Structure formats: structure tokens, C-alpha cells
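One letter stands for each residue in the lines below.
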Amino acid sequence: MEFYVGNLEGQIAHLRQSLGHFGPELFLCGWILVQLLTSVIPVIRKNPYVPTILSGIGILITATLVGDQFNTLKYVLQFDWFMGMIRVDGLTLIFKLFAILSAFGIWLMTLSKNKQFEWGSEFYFFLSVGLLGMLLLSGAVNLLMIFLCLEIISLISYLLTAYFKKPKVGAEAAVKYFIYGSVSSAIQLYGISLLYGISGTLEINDPGFIQGLVSDHGYLAIIAILFWGVGLAFKLVAVPFHFWSPDVYAGVPATIASFLANGPKLIALVIVIRFSHLFYGTPLQSGFQLLIACVAILSMFWGNLGALRQHKLKRLLAYSGIAHTGYWLSLIACQQPEAETALIWYGFIYLLASSGAFIALSRLEYFTNTDEIRLWTGIGKTYPWTSASLVICLAALGGLPPTAGFFAKINLLIPLFQQWQNQSEAIWLALLLSALFNTLLALYYYLSPARGLFLKS
Amino acid sequence: MLSLLIFLPLIGLPLWLWMPPKWHRWGYLTLTLLQSMIVIGGILPEALNTEPNWLKWTENLTWIKVSLGSSGWFQINYSVGLDSVNVLMVLLCAIILPIAGHASYSISKNDSKGYYLLMSILNVSLYGCFLAADFFLFFLFFEAILLPMYFLIGKWGGVNKESAALQFFLYTLAGSLFILLVMIAVGFSYYDPIETARNVGIPIGSMDSFPGKALSLHIQELIANGRIEPQHIVRTFRFDFGHERDAHGLPLNLIPDSVLSLTKTWNGYSIRSIAFLLLLIGFLIKLPSVPFHTWLPIAHVEAPTPISVILAALLLKVGGYGLLRTAWGYFPDAAISWQGVISGLGLISILYGAWCALAQKDLKRMVAYSSVSHMGYVLLGFSAFQYGGVTGSMLQLFNHGIVSASLFLLVGVIYDRTKNRDMTSYQGLWKPMPAFTGFTLLAFFAAMGIPGLNIFIGELLVLSGVFHTPELSLTVKLLATTGMIFSAAYYLRATNQLFFGSFNTLEESWKEKLKDLTLREWIILLPLAIFTLLLGLFPQLLTHLFDVGLSNWLPQP
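Residues numbered from 1 in each chain as written. Chains lettered and ligands numbered in written order. Predicted model: local features only at pLDDT ≥ 70, side-chain atom pairs only at ≥ 80, totals over all residues.

(A) The overall build of chain B, seen in detail. Check the secondary structure of chain B and you find 23 helices and seven strands. Compactness check: chain B gives a C-alpha radius of gyration of 24 Å against a globular reference of 24 Å for 557 residues, within 12% of the reference. Dimensions along the principal axes, computed over C-alpha positions, put chain B at roughly 85 × 60 × 45 Å. With 557 residues in all, chain B has 59% of them scored as buried. Sequence-distant contacts, at least 24 apart, represent 80% of the contacts inside chain B between residues at least 6 apart. (Helix = DSSP H or I, 4+ residues; strand = E, 2+ residues; numbered from the N terminus. Rg over C-alpha atoms; globule rule 2.2 N^0.38 Å. Buried ≥ 20, exposed ≤ 12 C-beta atoms within 10 Å, placed from the backbone. Contact = placed C-beta atoms within 7 Å.)

Take a look at the structure:
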């Protein structure tokens, strides 16, 4: 972006123009201040409805502003704003919608009465900041910007996991999450400095970036990419950086577990997608594909085999989340435009099904004070609608028709098959077969809540 | 018309929620009877009148169209139709579903809401499965059967209902994964002549007309020459283009040089052969055939009577029908090369099923194993498909549906009275229950394959097909005939035990409970008995519906 350098007028004009396309984020920043200020006014502070309503309005207005941004893409497919920090293209906007949907799902979860966990105004503040982080992350194309956004989200996640000090497991979860998270951030930052050292630029779409990586023949580039990937794998909950998720999910209320499972986890995918674009047609491509495919296979198996042994629904959903990361990564490994379309479709269905499952879980947890499936025997009769919703959402996660999950599953398998057909290498067959086998494994445990809720009396 | 038939029970879904429970059964019965009226009054006369070779009553809508980039388009159609392959199955649905609905009187009123909800979904899936003219749609309905069935067995079943339901679910799902894999391969390898022609601008005449052989051949040639680029090909899952076949018996809409073309191999094995084998395993689990049958006795024993009836009479038929429609429809060449294995599996199923049945004391288990044995004939007939065996298999599928339904209902009659199915607990039942004895003997004799009753015709045609097939070994031909003797053995043993001698039961108190059939038991058993007799004496009532079309559909020697 050299043309900005030394031309102050040009820079100011560019920044002003950029601000015009920064509507949702700007609005949200302002709204966060409003939320903060209102929470210190004593009269409003005592009223539990004001923060809830404010936060809801904030999410809705942000959603309309993001919807408005689609218009800007009518003629030009992508824009780079703020001197190449933020890119607005179709991918960005779709992930912004995902971020808003996940935040909205969590907002919905806080509406239902829950004496166990009272949501104060701080919670809604955290939610809005988290949403801001996710919105920024979906457009970030500069390594520092990506790191900053990931840190915003991480910080909010740490705060949310530690939000309720009451159950002891919660405190343990928060500490675990914080330590894992900060170590992986540090490693990621080290990776970024190595990447900058090798390529001399922080902008991942700069041709010099990938050129630098390719022309470095030593192991340094590989180490840098791996280190950088640690932070992402931590957010995505991919093997081998998944160990925190079952413990943390089990230690926090379902609402916060839902935030961790549907927000950062899904949005971090956009960075992996953008990063994978860089390797098209470079000598590093096959190595990159192999790496992602291996992580994908490991995640699928680890997630599904781990989930088989779980008795608590939150831990079960955590493991199922690991497996879903595996499916996503297998689509990224294909490096095909069709696979990406399938991935976005899959992510959307996952978001709906997983949010639904967590909402139902939070209600059942509230009714029975536990998420132990064993203790839920026969309550399907007492709470038929909640239980049926849970079963339907789990069936969708497992990919059974007539739910949308079935089409997600088909959409997953078609690109994998196409990939195997086009390049008949063993790794693609392995990927296809393990995806198939894992859908079978997964249905065993997705059915176990249904078994407890409806079949036993 | 067909969509109305398939989706009619969906009307029930809101009704079951708000209706008082005592009306549920009647409501469900009304809906299923309406469906039967559509089949028998609306569809059957038309099917009788014309040569049943092509799909009729077709409804075809583009449902999902996915771009594959450089590989063209994937088109999934909502396409339903009736032809000679599925006409019998639809008829069987029309007979069995109202009977199973009426037989649901033992379901407690407290949770009948969920029961009829799931039954309605099952009903939709079953009709959908048989009527689908698109592989994808078929698979969708095929998998949609699983979840309602899981809950129906798991909630309303016997002592070990949960493990039985889970076993049923996981077995079938494992099979469906094989099918799914082949389905995707099929989607990549067959093109839609009409859409492709439209895409590249070849004139096709009127929009709705079926593509002639000439058009399909022309397009295949153009693709082979590279004059139609891969990105213009519209790939399809539709079954009905497969009616046109080339000299090798392959469907004309096969894309040359695609993954399922004749020349493609994987590690030295033909991919077509592998795909056929995967489909075979997938559907053999459902059929079921030895060695994939172990879920069946467990599921049958635990399921409540109406679910057992649907399981035996319709779900097993999905396996047989699916094999014929997909494995034989897409891969007739591979079917010939696997002939020996298939006939061997069929033979083992016949004999092993019969021997297992011979060892059972539980009546329901005995009937379940006899189903395995009868399904062995279906498989045997498929292996002799070039010489008329497949006509026998279709008849066997239909007739076994009728007979096994009445057998399970009859076991249910005893079970309702005493909660005991052990045949050694009873003796001399003919005296207090003469009508029950009459119906049971009719069903037993039919299942044994006594001439004049319906099962005999199917088995006879299967055996004659097997004897006419020169590729099958003499051992198979000779051993296959012994199956009838074994089935006679176990059914005669059961007859001996249950009905002969003086009236005696394990517990004295049962003697008062064992009254003869009530009116509603008469109502459900009588139609089945009539069909058993009628179709035994006049099998041409059925063969007339499908055999010309079926033998035209499959390649001839």
C-alpha cells in the first residue's frame, strides 16, 4: 500500500472513506459506551430489563448496518480499508452475519428466567465487546489486526468464563482457560514476529508475504506458520489444542459455553480460509493441504471417540464441537471454491443447530440443576417441547434427515469425493472415509440424550 | 397425485397434538385409508391399463442445483413416479399401513400423541422411499425412516427395547453410509440429458417429453468427443433415465470416462464392482441377509406388534426394493459378475434362517428368523435376474409382506392375552380358539410354501429362474430346494406344539384369558387371509402389473 506513504492528503481521504464503510463497528463502539454509562446510573442499574433491552437493540441495529454493507459489494467484489487492515468482501460479510447470529442466540438465551445465573449489565457489555471483536476479525487481513481481534475475543472469553465465581468448577475452568489461552497467544505472537521477519510484511494479501514464505527454504517458514496456527487452533478447538474445551464448557453456564462454541470458534474459521487462499498454486500447497487434512482427521476421531464416553451433555457438546472442527478443516484442505461454499453452508447450519442445542440444554439444566444425561431419565414427558427441540438440534448436528444437518453432511461429502476423484491420492480417500465413518460414530452419542429423555421412564 | 399420496399423513401432525387421545387411532386410520384409496382407486386402474414400463404419474421439479465449478452442475430433483419396479411395493404399503394403524389399539392413551406423530412421519417416509424417482430423494426418505423407527421401538417396545432400538439404528445407519458413498459417485457419473441439452443449446422438442434414446446417445457421443465441456454437464440422481440402456446393459446417461465408467479401476479392482458391493452390503443389512441379520430378531422381539408388522412387511422390503432399484439398476454388469456370491448369500440366508428358526421357542423370534429365510429367496432370485428370477423375487417381497404381517399379528393375539410368546407354554389351542387356529394354519401353510397359497408362487419362480441360469453352480440349485423342507419343519413343529393335544397352558389362569378372536382382530386378519388365498390362486393379478416392464428394464441375456 505504498501509494499512501508520504501523501498526507491522500491518507486522510482514504481514512475518511474507510470510516464510511465502518458503520457497524463504529455504531457498536458507541453503543458499548452507552451500555457502560447507563449501567452506572443507579435508577437504571436496579432495573434488570434495561441492559437486556439495550443490548438487544444494539445487536439488531448492527445487523441492519451489516445488511446495508451488502449493497456496497454490488459492483466491486472487495475493498481494502484502513491501509489494508480490514477487507470487506463476501466472506467478511457472511462471517459478520454469523457473528451477529451467534450473539443474538446468546442474547435470546439470557431472556429466559434463570434464578441460578443473574445476567448483570456487565454481561451485556461483554457480549457487545465480544461481538465487536468478532465483527473486526471477520474482515481482518493484517497479522497484527488479526492478533488484536483474537485478543479482544479472548479477553472477553476469559472474563465470561470467570463471570460466575459460585461453582468451584467454574473458577477452575476460568483459570485453565486463561492459562491455555495466554500461552497459545504468546506462541502465536512469536509466530507472527517470525512471519514478519521472513516476509517483511504483515499484510497477508500482499504478494510479498507468500513470496517470502515460499522462497525461505529452511524450516523457519514452516515453524512460523505452525506457531501462528497454534492460536487459531486454540480458538477453533482443533486437535492438538482442544484439551481445554470439555473442562471449560463443563465449568461454565450453558449460555457462556454457547458463546465459546458458536462465536469465536466459528469466526476464527475466516482467518483459516483467508490464509488457505494464499497457498493456491504455490510449492507449499500440498504440504499445507496435508497438514490441514491430518489435523482434520485427528480432530474428527478425537472428538467423536471422546464424546462416546461422556455422560454430561456439555462435555458431550464440547467433544462434538471438536469433531465439527475436523469436518470444517477437511473442507479447507480441499482448497476448492466449491468446498468453501459448502463450508460456509455447513457453518451456518452448525450455528443454528448448535445454538439451538445449547438453548435447550440451558433450559433443561435450569429445570433439573444438572446436565448429567443419566439424571434426565423420563423428563421428556415433563418438558416435551424443550426435550424435542434438543433431540431435533442434536439430530441436525448428527446429519439426519429431514433436518438441515443432512444437507450439511451431503455438502461435506460431495467436495471430499470430488477431491478424491480429481487427485486420487490416499490422503483424500482417508479424509472421505473418516468423515463417513465419523458420522456413524457421532450418531451413537447424539442419540444418547434422546434415549434418556424419551425412552427411559 | 403421488405427492398428495406421500405427504397426506402430514395433515395429521397438528391434529395429533390437539385431538383428544381416544380419536388418535381413528384419525390415523382415516388418513392411511385415504392413502390406500388413492393407491387402489386412483393409481392402480391406470397401472393396469397401460404397459407398465415407464414411470407414470411423474412429478418432476428441480430442487437443488449446485455448481461444481469445472465439473459442471449437480442437480437434485424432487421427482416421484410409479413404474413396474415399485408398483407392488406401493400396493403393499396401501394394504399394510391401515392394518398396522388399526392394530395399534394396545398403545396406551397417555402417550399416543407421540406414537401417532412418529407413525405419520414413518408413513410419509415409507411411501416416499418407494415412490422416489431420484436417488437422492430416495436416500433422504430412506434415512428419514430411522429416527421415527428408533423411537417407536425404543419407547413402545419390550424389556430390552433401548438396546434393540439402538442396534437397529446403528446397523441401518452403517449400511446407509455405504449407500451414501455410492450415491455421490452415481451423482458424479450420470448426466441429465434434458438439462444438459438445454445447457448447451441442443433442441429437445417439447419441454416435458422424455428424452429419446437418440438424444441420450447423441449427448453421450458429444461428451466422449469432448464437444460438450465438463462444466456444461448437468449431473443427475434421477432413476428414470436409466430405462434406456446400451448394448452392455448400462444406462445410456452414463458419462464416458467418469468415476463409474467401465474402464475405471482402483488398485486393480473395477470401481463399478466396488460400488456394487458397497450398495449390496448397505441394503443387505436392511433386507437382511446372513451375515448382516443379527439386528432383526432382537428388533422384532422387542418391538410392539404394529411396529413388528411394519418392520417385517415394509422395512425389509425397502432393502429388497433398494437393491433392485439402485444396485441392479445402475450396475447390471457388476450384478452378473457377483452372481455367485449373491446366490451363495441367498442360499445361506435360506438355510441358516431356517435352522435358526427351528431352534426357537419364542414365536416372534421364530417368525423373525423365518423372515431371514424368506428374504434369502429374494436374494437368490436377484442373482438369477436374467432368467425370470427377479419376477419371483418381487412376488416373494410382496407375498412375504402379507404373510409376515399376519404372522406377527397372530403372535400379537396370543401375547396380548397372556404376555407370553413361548410356544412350549401352550397346547391344544384349537379348542378354545378355533378361528385363531384357522388363521394361523393358513399363514403357517402359506409361509411353508404350500401350493395354492401365495408364497409358493414366488419361491417357485425364483427356483425356476435359478435352474435356468447356467452360471450358477449345481450345488446352489440343489440346496436351494431344501429350504422349503426346513421351513415346513419349523412351522409344523409350531403347529404341533400350539394346536394339537388337549388344551393346556403353563399357568392355569391363562386358560380363561385365551378367548377366540375379537371383532377387531377379525378385521385386521381377514383381509390378509383373503390376499393369501387369492394371490396364491391367481398370481397373475400381480404379475400382470409388473413383469413385462421389469424384464424390459433389466438387461436380457
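(B) Here's a closer look at the environment of B:Leu140. Here B:Leu140 is to be found in helix α6 (residues 135-144). Each C-alpha atom, one on B:Leu140 and one on B:Leu180, is 9.9 Å from the other, the two residues being 40 residues apart in sequence.

(C) The arrangement of helix α9 (residues 207-215) of chain A in detail. All names here are of chain A. Looking only at α9, the buried set comprises Phe-209, Ile-210 and Leu-213. End-on view of α9: buried residues confined to an arc of 85°, all on one side of the axis. Seen from the buried face of α9, the exposed residues on the opposite side, beyond 90 degrees, are Pro-207, Gly-208 and Ser-215. On its buried face, α9 sits against α8 (168-199) and α10 (220-236). (Arc of directions from axis to C-beta.)

(D) The interface of chain A and chain B, seen in detail. If you look at the interface, chain A gives 22 residues, while chain B gives 27 residues. Taken together, the elements giving at least two residues each to the side of chain A that touches chain B come down to α16 (337-368), α19 (404-422) and α20 (426-455) of chain A. Here the side of chain A that touches chain B gets nine residues from one element, more than from any other, and that element is α20(A). Residue composition of the side of chain A that touches chain B, grouped by class: 16 nonpolar, four polar and two charged. (Nonpolar A, V, L, I, M, F, W, Y, C, P; charged D, E, K, R; others polar.)

(E) Looking closely at the confidence of the model for chain A. Confidence in the prediction of chain A, expressed as mean pLDDT, is 87, and 96% of residues score 70 or more. For chain A, helix α3 (residues 42-46) of chain A is the element with the lowest average pLDDT, namely 75, and helix α15 (residues 313-334) of chain A is the one with the highest, namely 93. (pLDDT = per-residue confidence, 0-100.)

(F) Fine view of the environment of A:Leu416. Residues and elements named next belong to chain A. Tracing the sequence through the fold places Leu-416 in helix α19. Using a count of 29 C-beta atoms within 10 Å as the deciding quantity, one classes Leu-416 as buried. Between the alpha carbons of Leu-416 and Val-237 there is a distance of 22 Å; along the sequence they are 179 residues apart. Residues contacting Leu-416, with those up to four places away along its chain left out, are Ser-330, Cys-334, Trp-428, Leu-431, Leu-432 and Ala-435.

(G) Examining helix α15 (residues 339-358) of chain B more closely. All names here are of chain B. In a regular helix each residue adds 1.5 Å, so 20 residues correspond to 28 Å; α15 covers 29 Å between its end C-alpha atoms and thus fits that length. All buried positions along α15 are accounted for by Ile-342, Ser-343, Leu-345, Gly-346, Leu-347, Ser-349, Ile-350, Gly-353, Ala-354, Cys-356 and Ala-357. Against the buried residues of α15 lie α16 (363-383) and α20 (474-499). (Expected span 1.5 Å × (residues − 1).)

(H) Molecular detail of the packing of helix α4 (residues 87-102) of chain B against helix α17 (residues 389-418) of chain B. Residues and elements named next belong to chain B. The contact between α4 and α17 brings their axes to 10 Å, and the two run at 5°. Considering their axes alone, α4 and α17 lie roughly parallel with respect to each other. Across from Leu-88, Leu-92, Ile-96 and Ile-99 in α4, the residues of α17 making contact are Met-394, Leu-397, Phe-398, Gly-401 and Ala-405. The residue inventory of the contact of α4 with α17, partitioned by class, reads eight nonpolar, one polar and no charged. (Axes fitted to C-alpha atoms, helices over the stretch in contact; angles between N-to-C directions. Parallel < 35°, antiparallel > 145°, perpendicular 65-115°, else oblique.)

(I) Expanded view of the nonpolar core. All names here are of chain B. The biggest cluster of nonpolar side chains holds 363 residues, and the ones touching the most others in it are Leu-88, Cys-93, Ile-96 and Val-309. Here this core takes 17 residues from helix α8 (residues 161-189), the largest share from any one element. Those residues in contact with Cys-93 that sit more than four places away from it in its chain are Leu-126, Tyr-127, Phe-130 and Leu-314. (Core = buried A, V, L, I, M, F, W, Y, C linked by C-beta atoms within 7 Å.)

(J) Seen up close, the pairing of strand β2 (residues 73-82) of chain B. Residue and element names in this part refer to chain B. The element β2 is largely enclosed, with a buried count of nine among its 10 residues. Alignment of β2 against strand β3 (residues 234-236), held across three bridges, turns out to be parallel. Within the sheet, the bridge partner assigned to Gln-75 lies in β3 and is Thr-236. (Pairing = 2+ DSSP bridges.)

(K) Highlighting the environment of A:His14. All names here are of chain A. For His-14, the position within the fold is in helix α1 (residues 8-20). By the C-beta count within 10 Å, which is 18 here, His-14 ends up partly exposed. With 115 residues separating them in the primary sequence, His-14 and Val-129 have C-alpha atoms 26 Å apart.

(L) A look at the packing of helix α6 (residues 121-139) of chain A against helix α7 (residues 143-161) of chain A. Residues and elements named next belong to chain A. Contact geometry of α6 with α7 gives a least axis separation of 8 Å together with a crossing angle of 155°. One finds that α6 runs roughly antiparallel with respect to α7. Read as a crossing pair, α6 and α7 show a hand that is left-handed. Packed against α6, whose contacting residues are Phe-126, Val-129, Gly-130, Leu-132, Gly-133, Met-134, Leu-136 and Leu-137, the element α7 presents Ile-146, Cys-149, Leu-150, Ile-152, Ile-153, Ile-156, Leu-159 and Leu-160 at the interface. (Left-handed = near helix turned anticlockwise from the far one by under 90°.)

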